[in-house]
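The chain contents come next:
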Amino acid sequence: MEKKLGFGCMRLPLLNKEDQTSFDTDTLNKLVDTFLERGFTYFDTAYTYHGYHAEEAMRKALVERHPRASFQLATKLPLRDFKDSADMERIFNEQRTNCGVDFFDYYLLHNMGSNVYEKCRKYGAFDFVAKKKAAGKIKVVGMSFHDMPELLDEILSKYGDGLDFVQLQINYIDWEQPNVQSRRCLEIANKYNKPVIVMEPCKGGTLVNVPQEAEKLMKAYNPAASTASWALRFAASQQGVFRVLSGMNSMEQVEDNTSFMANFLPLNEEENAIIEKVTKIINEKTAVQCTACEYCTHGCPKNIPIPKYFALYNSIMRTTGSFSSQMVYYNNIAINHGKASECIGCKQCERACPQHLPITKYLNDVVEKFEKNSMIPIRK
Ligand code: SF4
Ligand code: SF4
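What you are looking at is a predicted structure, and each value in this text was computed from that prediction instead of being measured.

With that out of the way, let us pick up the site of ligand 2. Neighbouring residues of ligand 2: 14 residues in total, closest Cys 290, Cys 293, Glu 294, Cys 296 and Cys 353. When atom positions are compared with the pocket grids, ligand 2 is found to occupy the second largest cavity. Per-class residue counts for the shell around ligand 2 are 11 nonpolar, 2 polar and 1 charged.

Within the element layout of this structure, Ser 22 appears in the loop between β1 (5-8) and α1 (25-37). Within polar-contact distance, the side chain of Ser 22 engages the backbone oxygen of Asp 19 at 2.8 Å. Setting aside residues up to four positions removed in sequence, Ser 22 forms contacts with Pro 13, Leu 14, Leu 15 and Asn 16.

Even without being glycine, His 50 reaches a positive phi, approximately 50°. One can find His 50 in helix α2 (residues 49-52). A relative accessible area of 4% means that His 50 is categorised as buried. Located in the positive-phi region is Glu 200, a residue other than glycine, with phi close to 55°. Structurally, Glu 200 is set in the loop between β7 (196-199) and α9 (212-221). Glu 200 sits in the buried class, given a relative accessible area of 11%.

Looking now at the layout of surface pockets. Of the volumes computed, that of the second largest pocket is approximately 490 Å³. Along its surface, the second largest pocket is lined by 24 residues, and Ile 173, Glu 176, Gln 177, Thr 279 and Asn 283 are the ones closest to its centre. Counting only elements with at least two residues in the lining of the second largest pocket, the list comes to α12 (269-284) and α13 (306-318). Tallied by class, residues from the lining of the second largest pocket come to 12 nonpolar, 9 polar and 3 charged. Looking at the lining of the second largest pocket, you find at least three residues from each of domain 1 (5-276) and domain 2 (306-372).

Before going further, it helps to examine the packing of aromatic side chains. The full count for this structure, using the stated rule, is 21 aromatic pairs. Taken together, a centroid distance of 5.7 Å and an interplanar angle of 80° make the contact between Phe 310 and Tyr 362 edge-to-face. Of this pair, Phe 310 sits in helix α13 while Tyr 362 sits in helix α16 (residues 359-372), and the two are 52 residues apart along the sequence. For the pair Phe 310 and Tyr 362, a shared accessibility class is recorded, and that class is buried. Over the aromatic face of Phe 40 sits the side chain of Lys 3, whose NZ or CZ is 5.6 Å from the ring centroid. One cation-aromatic arrangement involves Lys 119 over Phe 82; the distance from NZ or CZ to the ring centre is 4.5 Å.

This part covers the site of ligand 1. Ligand 1 sits among Cys 300, Pro 301, Ile 306, Cys 343, Ile 344, Gly 345, Cys 346, Lys 347, Gln 348, Cys 349, Thr 360 and Leu 363. Judged by the fraction of its atoms near the pocket grid, ligand 1 is located in the largest cavity. Sorting the residues of the shell around ligand 1 by element identifies α15 (348-352) and α16 as the ones contributing at least two each. Here the residues of the shell around ligand 1 are counted per class, giving 8 nonpolar, 3 polar and 1 charged.

So, on to the environment of Gly 136. Along the chain, the position of Gly 136 falls in the loop between α6 (125-134) and β5 (138-145). The class of Gly 136 is partly exposed, set by a relative accessible area of 28%.

Below, the discussion takes up the pairing of β1. Residue alternation in β1 divides its side chains into two sets, Leu 5 and Phe 7 and Gly 6 and Gly 8, and both sets are buried. In terms of strand pairing, β1 meets strand β8 (residues 241-247) through 4 bridges, oriented parallel. Pairing of Phe 7 across the sheet is with Ser 246, part of β8. As paired elements, β1 and strand β2 (residues 42-44) share 3 bridges and run parallel to each other. Looking at the pairing, Gly 6 lines up with Tyr 42 of β2. The β-α-β motif built from β1, the intervening α1 and the parallel element β2 has right-handed crossover chirality.

Parameters and conventions
- Residues numbered from 1 in each chain as written.
- Chains lettered and ligands numbered in written order.
- Predicted model: local features only at pLDDT ≥ 70, side-chain atom pairs only at ≥ 80, totals over all residues.
- Heavy atoms only, no water.
- Near = heavy atom within 4 Å.
- 1 Å grid on protein atoms, 1.4 Å probe; cavity = no way out; pocket = protein on both sides within 12 Å on 5 of 7 lines; lining within 4 Å.
- Sits in = over half its atoms within 2 Å of the grid points.
- Nonpolar A, V, L, I, M, F, W, Y, C, P; charged D, E, K, R; others polar.
- Helix = DSSP H or I, 4+ residues; strand = E, 2+ residues; numbered from the N terminus.
- Polar contact = N/O pair within 3.5 Å; in protein donor to acceptor, adjacent residues only side chain to side chain.
- Contact = heavy atoms within 4.5 Å.
- Buried < 20%, exposed > 50% of the residue type's maximum accessible area, 1.4 Å probe, protein only.
- Points joined across faces, edges and corners; volume = space filled by probe spheres on them.
- Domains from an automatic or database assignment.
- Phe/Tyr/Trp six-rings, centres within 6.5 Å; stacked < 30°, edge-to-face > 60°.
- Lys NZ or Arg CZ within 6 Å of the ring centre and 35° of its normal.
- Pairing = 2+ DSSP bridges.
- Right-handed = clockwise from strand over helix to strand, strands pointing away.

So this is what it looks like as structure tokens:
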């Protein structure tokens, strides 16, 4: 049976953390070899990862060192980067060279959202991947998605026939978060019978380094299980999920992940109850105690989606690693709404807020995090 764990290549081992291209080749080779030796075969990279050099690193560590039939390689069309139809072709060919392969086992439209959807329609991105599949250059076509369930529904209703699967951000903290809505996105994928690959099951490391109180609950139930194992097993237990990606950059992580995912067991009722408690504890440690009631947004003259921005802010304040997907969500939401910096300080929202939150002050914090210190990589 195919294993449910995939090797995520967004955070490969580095010699110098400040230099995203300083790959620790020896360690990477060992991680890849061990992963394969243990019966796991799926690797997920992308054109843009590691300053546009991850595909090349995976060619050297994986493609040039192992038989082509012994692994499955996934990469992605960078929807933010391509300029027109000809550019998609150029990038695709470049990716085949970068990866050293004639075809991709899996190929995804990368980071679909409201900021790129119209561009994809205009330049025929959905047709592009369909033609590559028909020509045998892609075996399985998918889409990674970072936006709201309504948009996912629209895309799957219009273009679902050409998509074999979707890749979603699913983890127990984002399950009900208004800014991500893991559960609802998964329900939409299930509605269209699209198998799901999970990205960010540990939310960029946040669910590895949980508050002590939460870790105690997990250890009391199973002293041997790591916090990461709870997060990965939560994601892998959901209906329709056939694979969960984990970014592994140490042997300890590969050994731990492959141990409990070798013969994967879904979470039982008792474990699910513990996850609920852990979620509650983590949420209690949130920076802004917004309940997402939306009372504040109705009269906002600038159409600022206040609770969505606060949810993103809470996520990023809990994040321990260099995690940038909240930035992506922020940019996507801001396409059709007011940005936090557009607040005019009328305080209508504060008068409406049942939690009496100093909303305008928090919006300034949002500006600092999401508009002044954007971590989204820019092509050099
Ligand atoms: S103070 Fe800002 S966020 Fe609040 S209602 Fe006015 S414009 Fe909207
Ligand atoms: S009214 Fe207050 S609690 Fe409700 S969504 Fe707005 S900020 Fe959050």
